[in-house]
Amino acid sequence: MRFLVRNCAPAKAGAQRRRGFRAPAFAGARSRSRRERERGFTLVEMMVVIVIIGLLATIVIINVMPAADRAAATKARADIATLEQGVEMYRLNAMRYPTTEEGLQALVAANHIRRLPNDPWGRAYLYAAPGAGGQPFTISTLGADGRQGGDGENADIAN
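Here's what I pulled together on the structure shown here. Because the structure is a prediction, the values reported are computed rather than measured.

Our next topic: the sheet that holds strand E3 (residues 157–158). Sheet strands associate in pairs through backbone hydrogen bonding, adopting either a parallel or an antiparallel arrangement. Strand order in the open sheet made by the 3 strands is E1-E2-E3, with antiparallel pairing throughout. Only two strands of the sheet have a single partner each, and these edge strands are strand E1 (126–128) and E3. Direction of pairing for E1 relative to strand E2 (residues 138–141): antiparallel, over a ladder of 3 bridges. Directly across from Ala128, in E2, lies its bridge partner Thr138. Against the sheet, helix H2 (residues 43–94) touches E1, E2 and E3, its axis set at about 155 degrees to E2.

What follows is the structure, given as structure tokens:
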């Protein structure tokens, strides 16, 4: 078996047969076994994997975040519909709508709903009787920003 040594003269034919012969530490890659050369990952390989994972995470986040905003608005609409049904049941029993002063707490007191939910942003729903536009009542939330008006996720949601 012949070892390649860089920057050295080729080994003589009888030199390898001597007892205790060992290749120098600076011998080329052929002196190490294939298993030793392929044992770990290089820094470049690790960086490529990290960049790919980062790109995939970015794509997922970009697609998931708007869904959370839409889900909050959908939950608010569903809560308002449930509260509307409770107000209508109150009207059927009491022959009138709850006043603005009584508010939605009148529904809990009359056992038409178990508890008053908060809007998806953690605030109480607003109730007004008579409502806007000639409606008998209005149930609304001020959206994500908690202020009157707004666009997108900050838009007010009402019945």
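Picking up where we left off.
Here E2 shows two buried faces, one formed by Thr138 and Ser140 and the other by Ile139 and Thr141. Pairing analysis gives 2 bridges linking E2 to E3, with the strands arranged antiparallel. By the bridge assignment, Ser140 is partnered in E3 with Ala158.

Another aspect to go through is the environment of Trp121. Mapped onto the fold, Trp121 is located in the loop between helix H3 (105–109) and E1. Judged by relative accessible area, Trp121 falls into the partly exposed class, the value being 24%. C-alpha separation for the pair Trp121 and Gly143, spaced 22 residues apart in sequence, amounts to 7.4 Å. Setting aside residues up to four positions removed in sequence, Trp121 forms contacts with Ala72, Ala76, Thr141, Gly143, Ala144, Glu153 and Ile157.

Rules behind the numbers
Residues numbered from 1 in each chain as written. Predicted model: local features only at pLDDT ≥ 70, side-chain atom pairs only at ≥ 80, totals over all residues. Heavy atoms only, no water. Pairing = 2+ DSSP bridges. Helix = DSSP H or I, 4+ residues; strand = E, 2+ residues; numbered from the N terminus. Contact = heavy atoms within 4.5 Å. Axes fitted to C-alpha atoms, helices over the stretch in contact; angles between N-to-C directions. Buried < 20%, exposed > 50% of the residue type's maximum accessible area, 1.4 Å probe, protein only.

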